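Chain by chain, the residues:
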Amino acid sequence: MTTTTITIKQASQSVNKLATDFMEHETLDAKLLEIVTASLTSEEHLHIRDYLLGMPIDFGTGFMIQFAEAIHAGTPEEKSYAIKTVLAAFYYENSQTEKAYELLDSALAIKGRYALAELLKRVIGAGWEVDSFVQMRSELHPKVIRAIQDDADKEL
């Protein structure tokens, strides 16, 4: 991966472009995928990961599973913990709990103590209703978009 500075705005635009291109052509541009992977694994800024989590609002869960699976397939294993966790959330929302657990376990095997993966395991294990999860996501997504706008010029 090349070393380039990426702003939060550039990263969010890359996610949107990657999703649009995937929807139209079912392919992922390598450069955009590199930017998205780098932004998903940012330790300091979680904006893009959280934005991706909210994208089923606009694109639907089925499409987001396909899209996240494609990102996962193109992500080096050592950097795949974030996309595996996001994908697990999508599978949970799609009532595929076993697949969600499998992805969360895999994410935690790569990056133990990854907070979002641990949280999702607790949520699923507690039997939290999918509708409650979807409602929470729907309430958080506009806040994530505002945070991206507020922090647009910050570098990842």
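Fair warning: this is a prediction, and the values are worked out from it, not measured in the lab. (Residues numbered from 1 in each chain as written. Predicted model: local features only at pLDDT ≥ 70, side-chain atom pairs only at ≥ 80, totals over all residues. Heavy atoms only, no water.)

A. Structural view of the overall build of the protein chain. From N to C terminus, the protein chain includes nine helices and zero strands. Traced from its N-terminal end to its C-terminal end, the protein chain shows the element sequence α-α-α-α-α-α-α-α-α. For the protein chain, the C-alpha radius of gyration of 15 Å lies close to 15 Å, the compact-globule estimate for 156 residues. Principal-axis analysis of the C-alpha atoms places the extent of the protein chain at approximately 40 × 30 × 30 Å. When the 156 residues of the protein chain are sorted by exposure, 47% land in the buried category. In the protein chain, once contacts between residues fewer than 6 apart in sequence are set aside, the share between residues at least 24 apart is 69%. Side chains of the protein chain give 15 positive and 24 negative charges; the mean places of these two sets differ by 4 Å. (Helix = DSSP H or I, 4+ residues; strand = E, 2+ residues; numbered from the N terminus. Rg over C-alpha atoms; globule rule 2.2 N^0.38 Å. Buried < 20%, exposed > 50% of the residue type's maximum accessible area, 1.4 Å probe, protein only. Contact = heavy atoms within 4.5 Å. Lys, Arg positive; Asp, Glu negative; His and termini not counted. Charge placed at Lys NZ, Arg CZ, Asp CG, Glu CD.)

B. A look at the packing of helix α6 (residues 81–93) against helix α8 (residues 115–125). Between α6 and α8, the shortest axis-to-axis distance is 10 Å and the interhelical angle comes to 20°. Between α6 and α8, the interaxial angle falls into the category roughly parallel. The crossing of α6 and α8 is left-handed. Contacts from Thr 85, Ala 89 and Tyr 92 of α6 reach α8 at Leu 116, Ala 117, Leu 120, Val 123 and Ile 124. Residues of the contact of α6 with α8, tallied by class, amount to seven nonpolar, one polar and no charged. (Axes fitted to C-alpha atoms, helices over the stretch in contact; angles between N-to-C directions. Parallel < 35°, antiparallel > 145°, perpendicular 65-115°, else oblique. Left-handed = near helix turned anticlockwise from the far one by under 90°. Nonpolar A, V, L, I, M, F, W, Y, C, P; charged D, E, K, R; others polar.)

C. Region of interest: helix α9 (residues 130–150). Its 21 residues place the ends of α9 30 Å apart at the C-alpha level, agreeing with the 30 Å of an ideal helix rising 1.5 Å per residue. At Leu 140, α9 shows its largest bend, some 30°, and a proline, Pro 142, comes one to four positions later. Turning to α9, its buried residues number three or more, namely Phe 133, Arg 137, His 141, Val 144 and Ile 148. Taken together, the buried residues of α9 touch α1 (8–25), α3 (47–54), α4 (56–59), α6 and α8. (Expected span 1.5 Å × (residues − 1). Bend = angle between axes of the 7 residues up to and from the residue.)

D. Molecular detail of the environment of Leu 104. Considering the arrangement of structural elements, one finds Leu 104 in helix α7 (residues 97–110). Among the residues examined, Leu 104 registers a relative accessible area of 0% and is labelled buried. When the C-alpha positions of Leu 104 and Ala 117 are compared, they lie 5.6 Å apart, and in sequence the two are 13 residues distant. Residue contacts for Leu 104: discarding those within four places in its chain leaves Thr 85, Ala 88, Ala 117, Leu 120, Lys 121 and Ile 124.

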